[in-house]
Amino acid sequence: MIRLTVPSIDEADFKAVREVLESGFLVQGSKVAAFEQAVADCVETQHAVAVSSGTSALHLALLALGVGPADIVVTTAYSHPATANVVELCGARPIFVDIERDTYNMDPDCLESTLKRLMAEASTARRVKVLLPVHAFGQLAKMPAILAIASKYQLPVVEDAACALGAKLHGRQAGSWGVMACFSFHPRKAITTGEGGIIATNDASLARRLRALRNHGQDADAPAGAFIMPGYNYRMTELQGALGLTQMVKLERIVAVRRRLAAVYDRLLANTPIAPPVVAADSEPTYQSYVPLLAGDLAQRRDELIRESRAQGIETTIGTWHIPLTPYYRTKYAFHRGLLPGADAVFDRTISLPLHEQLSTADQQAVVSTLTDQLARPAP
Ligand SMILES: *Cc1c(COP(=O)(O)O)cnc(C)c1O
């Protein structure tokens with residue numbers, strides 16, 4: 001089986017986790033703090049607050065900004081459902097912006113027209129609280145344009161950078177653009193802590209609030225550790241912190257390998273009906289996933305392609321989700337096809353190919369020839 005993803009775990013990771021187990025200090029020790037510093041250094045922010053997952057990072061970022069019932073958070077239509085779920089869990093409403101068909105990222109023109117519409121209506125204008133763009137599959141959204149729009153409407157930007165640790169746009173790190181940025185260390189991301197997440201920020205008071213929210217509402221900076229609000233237990237364990245530290249050492253290598261493998265796929269897919277993913281000018285993605293786009297007339301064969309390639313020992317899957325078309329959002333907000341044409345087209349036609357450090361060029365050739373052979377056969 002050529003696996004979709006295999007985490008890059010080696011002897012250093014085993015040793016680090018074992019040392020934590022032997023130390024007896026499993027939570028709230030020095031490993032998580034050191035991991036936070038390593039991520040802050042990498043992202044080039046003043047602070048980083050480690051939590052239990054990318055989802056809890058997003059949840060706390062919105063809570064720290066005071067997002068609550070009846071508020072509106074403007075986000076992208078094409079992402080993991082977690083991006084919108086956290087908005088719902090705050091009692092707020094996600095408004096979905098359509099995406100660019102080439103980069104799969106939030107389309108700044110659609111963002112502008114969505115905000116214009118929301119701001120023209122007194123009842124919605126004062127409820128819009130946060131912009132939540134996503135860096136799809138580890139490629140930054142068009143942050144200069146998004147930040148310009150955000151500042152015009154005086155809205156804070158939170159980056160869903162779950163897939164983008166180590167990605168850059170115009171030489172600037174993912175996670176250093178918004179007021180906060182959320183990363184995930186789920187095993188499908190470039191580096192992993194099993195489960196885990198982190199919020200990067202330059203705002204000391206937000207960092208303090210995030211630290212309280214993740215730890216039962218206890219203010220770490222208050223003399224006696226006063227409980228100042230109701231909070232969650234969204235803490236990262238020392239096992240994860242230690243693993244994160246040894247994984248961070250490998251981040252540059254892992255991202256470099258992923259870029260090299262992506263370039264090989266790009267070449268192999270040339271002159272096939274499967275178009276390589278588009279990288280914007282001056283953008284350095286991490287390729288959390290390698291997600292090419294099937295030609296338009298092949299959309300109805302995408303699921304067959306995934307099924308058949310798996311049957312032949314090659315694990316592929318869809319790109320990610322068209323959130324407004326998932327049952328909860330479709331039902332609650334009466335979404336249907338046609339409202340977000342960019343997301344409609346991309347959702348039907350994307351396929352995620354195997355990408356990990358153990359993948360050989362022969363594996364990649366097998367992946368591409370299996371897919372193109374299948375497409376050369378008539379549809380069943
Ligand atoms: C993975 C992912 C999440 C959720 O992260 P978890 O660590 O799995 O909770 C959120 N948003 C995006 C875009 C993701 O890819």
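Our structure is the block above this text.
Undergrad: How would you sum up the sheet that holds strand S9 (residues 197-201)? Please name residues and give values.
TA: The strands that make up a sheet pair up through hydrogen bonds in the backbone, lying either parallel or antiparallel. The strand order S1-S9-S8-S5 describes an open sheet built from 4 strands, whose pairing is mixed. Of all strands in the sheet, those bounded by a partner on one side alone are strand S1 (47-51) and strand S5 (158-160). On average, each strand axis in the sheet is inclined to that of its neighbour by 20 degrees, with strand direction left out of account. For S1 and S9, the ladder comprises 5 bridges, and the chain directions are antiparallel.

Undergrad: So what's going on with helix H9 (residues 238-269)? Which residues, and what values?
TA: The principal kink in H9, of about 50 degrees, is found at Lys250. Asn271 occupies a position one or two residues after H9 and carries a positive phi of about 65 degrees.

Undergrad: Pulling in residues and values, what's your account of the packing of aromatic side chains?
TA: Each aromatic ring pair is described using two quantities: the centre-to-centre distance and the angle formed by the ring planes. On inspection of all chains with the given rule, the structure shows 13 aromatic pairs. Note on Phe96 and Tyr329: the rings are 5.7 Å apart at their centroids and 85 degrees apart in plane angle, and the pair reads as edge-to-face. Of this pair, Phe96 sits in strand S3 (residues 93-97) while Tyr329 is found in helix H11 (residues 327-333), placing the two residues 233 residues apart along the sequence. Between Trp321 and Phe347, the ring centres sit 6.3 Å apart and the planes meet at 35 degrees, which makes this aromatic pair tilted. Highlighted residues: Trp321 in the loop between helix H10 (302-311) and H11 and Phe347 in helix H12 (residues 341-349), separated in sequence by 26 residues.

Undergrad: Please give an account of the layout of surface pockets that cites residues and values.
TA: Computed from the structure, the largest pocket encloses a volume of approximately 510 Å³. Lining the largest pocket are 28 residues; nearest its centre among them are His80, Cys163, Lys189, Gln288 and Thr320. Residue assignment for the lining of the largest pocket shows that the elements contributing at least two residues are helix H3 (54-64) and helix H4 (82-89). At 3 residues, the largest contribution of residues to the lining of the largest pocket is made by H3. Within the lining of the largest pocket, the residues separate by chemical class into 10 nonpolar, 14 polar and 4 charged.

Cut-offs and rules
- Residues numbered from 1 in each chain as written.
- Predicted model: local features only at pLDDT ≥ 70, side-chain atom pairs only at ≥ 80, totals over all residues.
- Heavy atoms only, no water.
- Pairing = 2+ DSSP bridges.
- Helix = DSSP H or I, 4+ residues; strand = E, 2+ residues; numbered from the N terminus.
- Axes fitted to C-alpha atoms, helices over the stretch in contact; angles between N-to-C directions.
- Bend = angle between axes of the 7 residues up to and from the residue.
- Phe/Tyr/Trp six-rings, centres within 6.5 Å; stacked < 30°, edge-to-face > 60°.
- 1 Å grid on protein atoms, 1.4 Å probe; cavity = no way out; pocket = protein on both sides within 12 Å on 5 of 7 lines; lining within 4 Å.
- Points joined across faces, edges and corners; volume = space filled by probe spheres on them.
- Nonpolar A, V, L, I, M, F, W, Y, C, P; charged D, E, K, R; others polar.

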